[in-house]
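Chain residues, written in single-letter form:
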Amino acid sequence: MFYLKSSEEVLSELHTGAAGLSSAEAGKRIERDGKNKLAEAKKESLAHMFLRQLADPMIIILIVAAVISAVIAVTQDESFADVIIIGVVVILNAVLGVYQENKAEAAIEALQQMTAATSKVIRDGVLRIVKSEDVAVGDIVILEAGDSVPADARIIESASMKVEESALTGESVPANKTSEILRAGENGDVPLGDRVNMVYMGSTVVYGRGKAVVTATGMNTEMGKIADALAKAEDGKTPLQIKLAELSKILTFLVIEISVVIFAVTAIKDGNFIADIKSGEFKPVIDTLMVAVSLAVAAIPEGLAAVVTIVLSIGVTRMSKKNAVIRKLTAVETLGCTQIICSDKTGTLTQNKMTVVREFTGDSRLMAQAMAQCSDSRLGESGEAEGEPTENALVNYALKTGVNKTEYDLKFRRIGEAPFDSMRKMMSTVHEYGGEYIQFTKGAPDELLKNCTRMVKNGGIAELTDADRRLIAAENKEMADKALRVLAAAYRPHGSLPADFGADALETDLIFIGLYGMIDPIRPEVRASIDECRRAGIRPIMITGDHVDTAVAIAKELTIISDSSEAITGTQLDAIPDERFAEDVVKYSVYARVRPEHKVRIVNAWRALGKITAMTGDGVNDAPSIKAADIGVGMGITGTDVTKNVADMVLADDNFATIVSAVEEGRRIYDNIRKAIQFLLSSNLSEVISIFAATMIGFSILKPVHLLWINLITDSFPALALGMEMPEKDVMSRPPRDPKKGIFSGGVGADILYQGIMVSVLTFASYLVGTALDGGLRFADSGVGLTMAFITMSIAETLHAFNMRTVRRSVFSLKKQNKFLLGSMAFSFALTTAVVFVPGIRYAFGFESIGFVRYIIAVGIAALVIPIVETVKLIQRKTRRKKTK
């Protein structure tokens, strides 16, 4: 804790002095401590990522099915079509997964880019410019306005030095720096944002100059700790990933169990099964294995992974048009169930731009001139002030008042000044115009008022009475109570050129002009966005490094809190044990004066309660908590590269309101994915039931290649089109869904069951009609029956996609049509027809020529899915209305 020690003690402890280190000693320390740069994160190899994709249980089942098919094809001299199709499905799924995960984390690289390229240090008693990575502990660093701080260092000299640390501490105003020793707080430490005698890697000097002795380099710096926290924070799975993993296991066990049952039943039914195997006759085994392959293909929705990925990708495209850039596909779905949004204040809820919002003065023009000319900021080519943020606010406000600083500086030429000093808290400048001299002074109201004897009042100058002082003090307090930063201005005419430009000589007998109240203003669209979040059942939390009074004022204005008791500081948070905080976290909606570790702790506490938590922010200090959250939201304009690269989503317009549209899109996408899953699984269930029942009876209703065609061609395109459905009317007026609820909750499981049975029954009916038209009704192998069963199952599943546009409402009540769905249904219909009627393709699939009449009969049976499902929906709606009465 070098900030609690004197400069002399720090220099002594680090074995250095005013002359700095020798080059030899610096080299030894760099060899001991390592280069002054951040460690690089290890990246997973493409090969490892590819193999990890293949480890999915559903993929393993398909691989086993492909191997069995290959063995059968070789031993029985049959087609390799099944092997090739399954192999292509497996490889495509793995490649797609690798592609999505191959966006390597670039957070550490971004942190490295933020550090200074070169630094000025005193080595061997002389000033040298060295690479920042070659700065060593004990080096004396020279810092001037515009310099990036290369490492953590204890200030040993400071001349009105101000350092921009908002990216690290969350402070919207540059910190005034001093070389004085600090006193520890009640907890024996000083918060990062209050360590005014320290400078940190990655921050920038915006005013003044100073010297500092380096106390930590590389990964030992505060930024290094953040980089280390980024490396340690693990990426968790999103709710959708968890649900799909559960589904994968369920389907895997289902295939294995059904295959075992079929094997056992076959052995029992065929009395010669074991004897045939012993005698070398493996046909019964091969037939059973083929059934197992058929079941594997039937049970596993091969197109599901691709459908989910593509639907998410479509959502990403839609969101990018609304300025929400998604870096991880699954983050889209996570947004839909977000329950907590932890937002940084500076630059996210506010504009990160100090602005004058209130004035108290007897002469607005003179006040604007005084504040603008007693500032070092300048108007840039863009018309905006450039320099220290507070002075920028003064110059920008003066311009709005009609005082152009550039023009006034030419007319009122600055000839002398008493620079700002943190002890007297004032700054004075002297200007010459037409042989006359005028002095402007600005500073803290309490200090400046002590040096005033008169004031601008009622268009003239009057004596400053005690009543006036009380009035000014009351106005100052009122502004401060509203979390405004208050500055006062005064002036003093000089009959001749002052002989002494010292502060003591200039800052006396001043004429008080007025007060300016400044604040980092709220983004105008944020309040409406927070109201929208509340309607959607989302709780906003403000987390900032700023002072608690400022944070509370902003939070109350935004209706994040209604009482200051809902706010807590980082120091108070340190005093709360983890066990107690796990319970108390629900009490607080504002956290002030926090460090990066606090933010991660807050996010983790909410997550421990089972809440899906989002974290928004723009500074380096937000990066670890953004990575630890379920979904991290970075700012694209004001955000640092670190934050953007760690975030799951980046707001291209830095607009908090964009989160609202992103949440709506996330909910719409999840609803649509759920519809697609229900559609695909009910289709797969119908195939499993059909294969299982036919096998138990003793005939073959469909072959593996037929099932693959239905799953990949007939089903996939309509499933994708379901992802294009518009959102339900109540999508943003219902609470976030419970992430603990499974895919089959809310009656989806029952729907899948009855819909799967329904399609299976219709398929069996079509098969029996086919056998009846092909020599007599029977449960036996029939080419015509198989062909008609294929048509019915394929068309029924295509038409069932139309049913799935809405889960409970009548599909005919929807006013807007899904053109993508209609197009995909027509496409699937055409492909199914082509497979049955084009001679070459028909032969490859093993179909019989059935003629137009039989084709129409099969299609007619398939069309029954629409009236059946509509009837069930009607019954479900009536039942639900009775329960709610």
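For the structure itself, consult the block above.
Residues numbered from 1 in each chain as written. Predicted model: local features only at pLDDT ≥ 70, side-chain atom pairs only at ≥ 80, totals over all residues. Heavy atoms only, no water.

Caption draft 1: Layout of the overall build of the protein chain. Counting its regular elements, the protein chain contains 36 helices and 25 strands. Residues counted as buried form 53% of the 885 residues belonging to the protein chain. For the protein chain, restricting intrachain contacts to residue pairs at least 6 apart in sequence, the fraction spanning at least 24 positions comes to 73%. Carbon and sulfur atoms form 58% of the exposed surface of the protein chain, whose accessible area is close to 37200 Å². (Helix = DSSP H or I, 4+ residues; strand = E, 2+ residues; numbered from the N terminus. Buried < 20%, exposed > 50% of the residue type's maximum accessible area, 1.4 Å probe, protein only. Contact = heavy atoms within 4.5 Å. Areas by Shrake-Rupley, 256 points an atom, 1.4 Å probe, with all protein chains shown as cover.)

Caption draft 2: Representation of the packing of helix H33 (residues 819-837) against helix H35 (residues 851-862) in the model. Packing of H33 against H35 brings their axes to within 12 Å, and their N-to-C directions diverge by 140 degrees. Between H33 and H35, the interaxial angle falls into the category oblique. Between H33 and H35 lies a crossing whose hand is right-handed. Within the contact between the two elements, H33 uses Phe829, Thr833 and Phe837 and H35 uses Gly851, Tyr855 and Val859. (Axes fitted to C-alpha atoms, helices over the stretch in contact; angles between N-to-C directions. Parallel < 35°, antiparallel > 145°, perpendicular 65-115°, else oblique. Left-handed = near helix turned anticlockwise from the far one by under 90°.)

Caption draft 3: Broad picture of the nonpolar core. Membership of the largest hydrophobic core comes to 120 residues, with the highest contact counts inside it found for Phe512, Ile560, Met649, Ile701, Phe790 and Ile791. Of the residues forming this core, the biggest block, 13 residues, is contributed by helix H28 (residues 657-697). Apart from the residues within four sequence positions on either side, isoleucine 701 is in contact with Ser690, Ile691, Ala694, Thr763, Phe764, Tyr767, Leu786 and Ala789. Core analysis: the next-biggest nonpolar cluster, separate from the first, contains 29 residues, Val356, Leu394, Val403 and Met518 among them. (Core = buried A, V, L, I, M, F, W, Y, C linked by side-chain atoms within 4.5 Å.)

Caption draft 4: Layout of the pattern of salt bridges. The final tally for this structure, using the stated rule, is 41 salt bridges. Lysine 177 is the partner of glutamate 165 in a salt bridge, and the nearest nitrogen-oxygen pair spans 2.9 Å. Taken together, the residues span a long stretch of sequence, with glutamate 165 in the loop between strand E4 (152-164) and helix H7 (166-169) and lysine 177 in the loop between strand E5 (175-176) and strand E6 (198-199) at a distance of 12 residues. There is no split in this pair, since glutamate 165 and lysine 177 are both buried. Ionic pairing is found between glutamate 478 and arginine 358, a salt bridge with its closest N-O pair at 3.1 Å. On the criterion of sequence distance, the pair formed by glutamate 478 in helix H19 (residues 466-481) and arginine 358 in strand E10 (residues 355-361) is long-range, its members being 120 residues apart. Look at glutamate 478 and you get partly exposed, because its relative accessible area is 36%. On the accessibility criterion, arginine 358 (22% relative accessible area) is partly exposed. (Salt bridge = Lys/Arg side-chain N within 4 Å of Asp/Glu carboxyl O.)

Caption draft 5: Spotlight on the packing of aromatic side chains. For the structure shown, the criterion picks out 14 aromatic pairs. Each ring, one from phenylalanine 699 and one from phenylalanine 764, has its centre 6.1 Å from the other, and the planes form 75 degrees; the classification is edge-to-face. Residue phenylalanine 699 is found in the loop between H28 and helix H29 (704-714), and its partner phenylalanine 764 is found in helix H31 (residues 748-772); the two are separated by 65 residues along the sequence. Side by side, phenylalanine 699 and phenylalanine 764 carry an identical accessibility label, which is buried. Plain terms: the ring middles of phenylalanine 845 and phenylalanine 847 are 5.9 Å apart, the flat faces sit at 15 degrees to each other, and that makes the pair stacked. You can call phenylalanine 845 buried: its relative accessible area is 13%. (Phe/Tyr/Trp six-rings, centres within 6.5 Å; stacked < 30°, edge-to-face > 60°.)

Caption draft 6: Summary view of a nonpolar patch on the surface. On the surface, a nonpolar cluster with roughly 490 Å² of combined accessible area is contributed by Val74, Phe80, Ile84, Val88 and Leu92. With 3 residues, the top contributor of residues to the nonpolar patch is helix H5 (residues 81-101). (Patch = residues over 30% accessible without salt bridge, like charges linked within 9 Å, V, L, I, M, F, W, Y side chains within 5 Å.)

Caption draft 7: Focus on helix H32 (residues 783-803). Here H32 contains 21 residues, and its C-alpha end-to-end distance of 30 Å stays within 8% of the 30 Å for a straight helix at 1.5 Å per residue. Along H32, 20 of the 21 residues are buried, which leaves the element largely enclosed by surrounding structure. (Expected span 1.5 Å × (residues − 1).)

Caption draft 8: Main features of unusual backbone geometry. Despite not being glycine, aspartate 124 has its phi angle at roughly 55 degrees, a positive value. Within the fold, aspartate 124 resides in the loop between strand E1 (118-123) and strand E2 (126-131). Even without being a glycine, serine 160 presents a positive backbone phi close to 55 degrees. Positionally, serine 160 belongs in strand E4.

Caption draft 9: Inspection of the sheet that holds strand E24 (residues 631-635) at higher detail. Spatial strand order, E8-E25-E24-E23-E9-E20-E22-E21: 8 strands in an open sheet with mixed pairing. Where the open sheet ends on each side, the last strands, each with one partner, are strand E8 (324-326) and strand E21 (567-569). Here the average twist between neighbouring strands, direction ignored, is 20 degrees. Here strand E20 (residues 539-543) runs beside strand E22 (residues 590-592); their pairing, made up of 2 bridges, is parallel. In the strand pairing of E22, methionine 542 is matched with valine 590. Contacts between helix H25 (residues 596-608) and the sheet are confined to strand E9 (340-344), E20, E22 and strand E23 (613-617), with E23 contributing the most and set at about 155 degrees to the helix. (Pairing = 2+ DSSP bridges.)

Caption draft 10: Seen up close, the side chain of glutamine 373. Inspection of the secondary structure puts glutamine 373 in helix H15 (residues 364-373). In terms of polar contacts, glutamine 373 uses its side chain to reach the backbone carbonyl oxygen of phenylalanine 412, at 3.2 Å. The contacts of glutamine 373, once residues within four sequence positions are left out, are Lys405, Tyr408, Asp409, Phe412, Arg414, Thr429, His431 and Phe440. (Polar contact = N/O pair within 3.5 Å; in protein donor to acceptor, adjacent residues only side chain to side chain.)

Caption draft 11: Expanded view of the packing of H31 against H35. Two elements in contact, H31 and H35, have axes separated by 9 Å at closest approach and are oriented at 160 degrees. Taken together, the axes of H31 and H35 are roughly antiparallel relative to one another. Two packed elements cross with a definite hand, and for H31 against H35 that hand is right-handed. Taking contact as the criterion, the partners of Leu762, Ala765, Ser766 and Val769 in H31 are, on H35, Ile857, Ala858, Ile861 and Ala862. Each residue belonging to the contact of H31 with H35 can be placed in one class, and the counts come to 7 nonpolar, 1 polar and no charged. (Nonpolar A, V, L, I, M, F, W, Y, C, P; charged D, E, K, R; others polar.)

Caption draft 12: Structural detail: empty space enclosed by the protein. Throughout the structure, instances matching the rule amount to 2 cavities of 30 Å³ or more. Surrounding the largest cavity, 11 residues form its lining, Thr169, Leu192, Gly193, Val594 and Arg595 being those nearest its centre. Counted by class, the lining of the largest cavity contains 5 nonpolar, 4 polar and 2 charged residues. Roughly 30 Å³ of volume is contained in the second largest cavity. Lining the second largest cavity we find Gln678, Asp751, Tyr754, Gln755, Met804, Val807, Arg808, Val869, Lys873 and Gln876. Elements that contribute at least two residues to the lining of the second largest cavity include exactly H31 and helix H36 (865-884). In terms of residue class, the lining of the second largest cavity is built from 4 nonpolar, 3 polar and 3 charged. (1 Å grid on protein atoms, 1.4 Å probe; cavity = no way out; pocket = protein on both sides within 12 Å on 5 of 7 lines; lining within 4 Å. Points joined across faces, edges and corners; volume = space filled by probe spheres on them.)

Caption draft 13: Structural view of the pairing of E1. Across the 6 residues that make up E1, a large majority, 5, are buried. Looking at chain direction, E1 and E2 are connected through 6 bridges and run antiparallel. Counted as the bridge partner of isoleucine 122 is leucine 127 from E2. From the end of E1 to the start of E2, which pair antiparallel, there are 2 residues, and aspartate 124 there has a positive phi angle of about 55 degrees. Pairing analysis gives 3 bridges linking E1 to strand E3 (residues 140-144), with the strands arranged antiparallel. Considered in E3, the bridge of lysine 120 is made with isoleucine 142.

Caption draft 14: Examining the environment of alanine 18 more closely. Note that alanine 18 resides in the loop between helix H1 (7-13) and helix H2 (23-33). Residues alanine 18 and aspartate 139, spaced 121 residues apart in sequence, show a C-alpha to C-alpha distance of 9.5 Å. Alanine 18 has contacts with Ile122 and Ile140, leaving out every residue within four places of it along the chain.

Caption draft 15: Local environment of the side chain of threonine 350. Here threonine 350 shows up in the loop between helix H14 (345-349) and E10. Threonine 350 sits in the buried class, given a relative accessible area of 0%. Once residues within four sequence positions are removed from consideration, threonine 350 is found in contact with Lys345, Asp520, Pro521, Ile522, Arg523 and Ile554.

Caption draft 16: Quick peek at the environment of threonine 346. Here threonine 346 shows up in helix H14. Taking the relative accessible area as the measure of exposure, threonine 346 reaches 3% and is therefore buried. Considered as a pair, threonine 346 and aspartate 618 are 272 residues apart in the sequence and their alpha carbons are 8.2 Å apart.

Nothing here speaks to function; it is geometry throughout.
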